[in-house]
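Coordinates in review
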Amino acid sequence: MHTPIVERQSTHALDLDWVRAQFPSLKQIVNGQPATFLDGPAGTQVPQRVIDAVRDYYEHSNANTCGAFATSRQSDAIIGSARAAIADLFNCASDEVFFGPNMTTLTFALARAIGRELHPGDEIVVTTLDHDANVAPWRVLEECGVVIRQVDIRQQDCTLDMDDMRRKIRPLTRLVAVGYASNAVGTINPVEQIVRLAHAVGALAFVDAVHYAPHGPIDVRALDCDFLACSPYKFFGPHMGVMYGKREHLLRLRPYKLRPAPDAPPDRWETGTQTHECIAGVAAAIDYLAELGRHSSAGRSFSPEVNAGDAPDAPAGEATLRRRQAILNAYQAIRRHEMTLAARLIAGLLEIPGLRFFGISDPVQFAHRVPTVAIRLANHNPLEIATFLGDRGIFTWDGNYYALNLTERLGVEKDGGILRIGVVHYNMAEEVDRLLSALDELAGRKN
Ligand SMILES: Cc1ncc(COP(=O)(O)O)c(C=O)c1O
């Protein structure tokens, strides 16, 4: 049923052999089967250069920051270049970027700081589609009398109900918290439009780009969002979090911090000692993306971007422009490859009897999704399916993946949630076919 295709026919923009050679963990064998990593939404694999950067930090630069000696100065420099790398990824200035242990911790810290400016009766808008890390930190502010208003979804395709969004954003709104893409069902939200709606009533716009970052280019200037958060471990880097904030907000807001710690942004937003080795790995992950862009054939035809720069009021450095451009090229190649696989995956899934599909399945609407898909199978709970697949070396995820509002809204939370299959750019058509065959077998319809 799932006719294998020659990989390069559909993905000529991405050199998949080169990509896979960068990731040593992809060579693993599990129960005699090649490991098939379809668990990217929970964390991606890392290229060799990230592993090397972390090891190199320990071997040559391991120290705390701001000391008057060589390894400490090297640590300062490594953090500075990692911020510059994130600035190229986000299209912002490097002093608008700060690190933390993960997106959740950073968002709680930001919410507490924003909460200091709010009053009882002020409103915050969250959504049913979001990961709880973009819900619970804002709900904490209910303790101070803030009112949380939750935007619903359109159940038929798990897209945001934009009429409800327009109703919920009103003059009392102080902040709108929205995800760029759903980590459960793959919907890409109209973030630019939502930021405009927020700003029209004088509210701040916070974007959770954790799930979008491995799949599509981020441009905080084009979005005009006030804050945007990501987790490098979801885009081929180490386990940690990173956040962008407009400079004016990072200066004005008062984060909870220790008295002797630096008071200038972005340092004042980084609580305690950071994982410097991971920060070294973040820069390497972004350099991997840039290298992928340079390597991909799509890259050579991509038009130059004019507004990338290291600081809004400074001319963009040549190196910055080159890296930003290379990153954009990489995403073009990534997107084309991923969506070819997604089309194959979704078409195959829809043929399986008893399969319930959540999210956008119409190819005409694929511009509004990333290749993360969610299903249920009649007579098999998601844990049972994930275990069956896991035994065959195919790594998927079951449950709610912390998108709790969504699994409750879809009525599946009490019943094991959903099975999530997450494609990223290092996956192959053969892996999609292996998954589809295994699901066919489980559904009792072995070819
Ligand atoms: C969409 C989304 N937002 C936020 C998070 C939380 O990220 P972190 O693990 O860095 O706290 C996740 C993690 O799965 C996620 O998928």
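Structure's up top.
Right, let's walk through the structure included here. As the structure is a prediction and not an experimental result, all values here were calculated from the model.

A word on the overall build of the protein. Of regular secondary structure, the protein possesses 15 helices and 17 strands. Scaling as 2.2 N^0.38, a compact globule of 447 residues should have a C-alpha radius of gyration of about 22 Å, and the protein matches this with 22 Å. Counting all 447 residues of the protein, 58% fall into the buried class. Surface summary for the protein: the accessible area is close to 17700 Å², and the carbon and sulfur share equals 53%.

In the vicinity of the ligand, the residues found are N102, M103, T104, H131, A133, N183, D208, V210, H211, S231, Y233 and K234. Between the ligand and T104 there is a distance of 2.5 Å, counted from an oxygen atom to a side-chain nitrogen or oxygen. D208 has a polar side-chain atom sitting 2.6 Å from a nitrogen atom of the ligand. Coverage of the ligand by the protein amounts to 90% of the 390 Å² it exposes when considered alone. Each residue belonging to the shell around the ligand can be placed in one class, and the counts come to four nonpolar, six polar and two charged.

A few words now on the sheet that holds strand β4 (residues 97-100). Strand order in the open sheet formed by seven strands is β4-β12-β11-β10-β9-β5-β6, and the pairing between neighbours is mixed. The two strands at the open ends of the sheet, each matched to only one other strand, are β4 and β6 (147-151). The sheet shows a mean angle of 20° between the axes of neighbouring strands, taken without regard to direction. Sheet strands touched by helix α4 (residues 70-90): β4, β11 (227-230) and β12 (241-245). Its angle to β4, the strand with the most contacts, is close to 115°. Taken strand by strand, helix α8 (residues 191-200) contacts β9 (173-179) and β10 (204-208), and its axis lies near 155° from that of β10.

Strands sit in the order β13-β14-β17-β16 across an open sheet of four strands; the sheet is antiparallel. What marks the edges here is a single partner per strand, and that holds for β13 (355-358) and β16 (397-399). Neighbour-to-neighbour, the strand axes of this sheet turn through a mean angle of 30°, independent of strand direction. As paired elements, β16 and strand β17 (residues 418-422) share three bridges and run antiparallel to each other. By the bridge assignment for β17, D398 is matched with L419. In the packing of helix α13 (residues 382-391) onto the sheet, contacts are made with β14 (372-377), β16 and β17, and the angle to β17 comes to roughly 40°.

Right, let's get into the side chain of Q22. Among the structural elements, Q22 can be located in helix α2 (residues 16-22). Discounting chain neighbours no more than four positions away, the residues touching Q22 are V46, P47, Q48, R49 and Y288.

Across all of its chains, the model carries zero disulfides by this definition. Just so you know, C225 is unpaired, no disulfide at all, and the nearest cysteine sulfur is the one on C92, 9.2 Å from it. For C230, which is in no disulfide, the shortest distance to another cysteine sulfur is to C225 and amounts to 10 Å.

What follows concerns the environment of G354. Mapped onto the fold, G354 is located in the loop between α12 (318-350) and β13. Exposure remark for G354: the relative accessible area of 44% places this residue in the partly exposed category. In contact with G354, not counting residues within four places along its chain, are R376, L377 and A378.

In this description, an aromatic ring pair is defined by two values, namely the gap between the centres and the angle between the planes. Taken as a whole and judged by the stated rule, the model has 11 aromatic pairs. The interplanar angle of 75° and the centroid separation of 6.0 Å between the aromatic rings of F23 and F236 together place this pair among those described as edge-to-face. One end of the pair, F23, is in the loop between α2 and β1 (29-30); the other, F236, is in the loop between β11 and β12, with 213 residues separating them in the sequence. Residue F23 is classed as buried on the basis of its relative accessible area of 0%.

On to the pairing of β4. Burial of the side chains of β4 extends over both faces: V97 and F99 are buried on one face and F98 and G100 on the other. As defined by bridge partners, β4 adjoins β12 across four bridges and the pair is classed as antiparallel. Bridge pairing in β12 links G100 to G241.

Another point: the packing of helix α3 (residues 48-61) against helix α11 (residues 276-295). The relative placement of two packed helices comes down to the angle between their axes together with the axis-to-axis distance. Closest axis-to-axis distance for the α3/α11 pair is 8 Å, and the angle between their directions is 150°. For the element pair α3 / α11, the angle class is roughly antiparallel. Where α3 crosses over α11, the two elements pack in a sense that is right-handed. Contacts between α3 and α11 involve R49, V50, A53, V54, Y57 and Y58 on the former and, on the latter, H276, E277, A280, G281, A284, A285, D287, Y288 and E291.

The next point concerns the pairing of β9. Looking along a regular strand, one sees side chains alternate from face to face of the sheet. With six of its seven residues buried, β9 lies for the most part within the structure. The sheet contact formed by strand β5 (residues 123-127) and β9 spans three bridges and is parallel. Bridge pairing in β9 links I124 to L175. As defined by bridge partners, β9 adjoins β10 across five bridges and the pair is classed as parallel. Bridged to V178 within β10 is V207. Crossover β9 to β10 through α8 is right-handed.

So, about the packing of α3 against α4. Where α3 contacts α4, the two axes come as close as 10 Å, and the packing angle between them is 150°. One way to sum up the angle between α3 and α4 is to call them roughly antiparallel. Contact residues: α3 offers Y57, H60 and S61, while α4 offers T71, Q74, S75 and I78. For the contact of α3 with α4, the residue count by class is two nonpolar, five polar and no charged.

Another point: the nonpolar core. Counting residues in each nonpolar core, the largest one holds 83 residues, and the members touching the most others are I86, F90, I218 and L228. Not counting residues up to four positions away in its chain, the partners in contact with F90 are I218, D219, V220, L228, C230, V242, Y244 and R324. L341, I346, A429 and L439 belong to the second largest nonpolar core, which has 30 residues in total.

The rules behind each value
Residues numbered from 1 in each chain as written. Predicted model: local features only at pLDDT ≥ 70, side-chain atom pairs only at ≥ 80, totals over all residues. Heavy atoms only, no water. Helix = DSSP H or I, 4+ residues; strand = E, 2+ residues; numbered from the N terminus. Rg over C-alpha atoms; globule rule 2.2 N^0.38 Å. Buried < 20%, exposed > 50% of the residue type's maximum accessible area, 1.4 Å probe, protein only. Areas by Shrake-Rupley, 256 points an atom, 1.4 Å probe, with all protein chains shown as cover. Near = heavy atom within 4 Å. Polar contact = N/O pair within 3.5 Å; in protein donor to acceptor, adjacent residues only side chain to side chain. Nonpolar A, V, L, I, M, F, W, Y, C, P; charged D, E, K, R; others polar. Pairing = 2+ DSSP bridges. Axes fitted to C-alpha atoms, helices over the stretch in contact; angles between N-to-C directions. Contact = heavy atoms within 4.5 Å. Disulfide = S-S within 2.5 Å. Phe/Tyr/Trp six-rings, centres within 6.5 Å; stacked < 30°, edge-to-face > 60°. Parallel < 35°, antiparallel > 145°, perpendicular 65-115°, else oblique. Left-handed = near helix turned anticlockwise from the far one by under 90°. Right-handed = clockwise from strand over helix to strand, strands pointing away. Core = buried A, V, L, I, M, F, W, Y, C linked by side-chain atoms within 4.5 Å.

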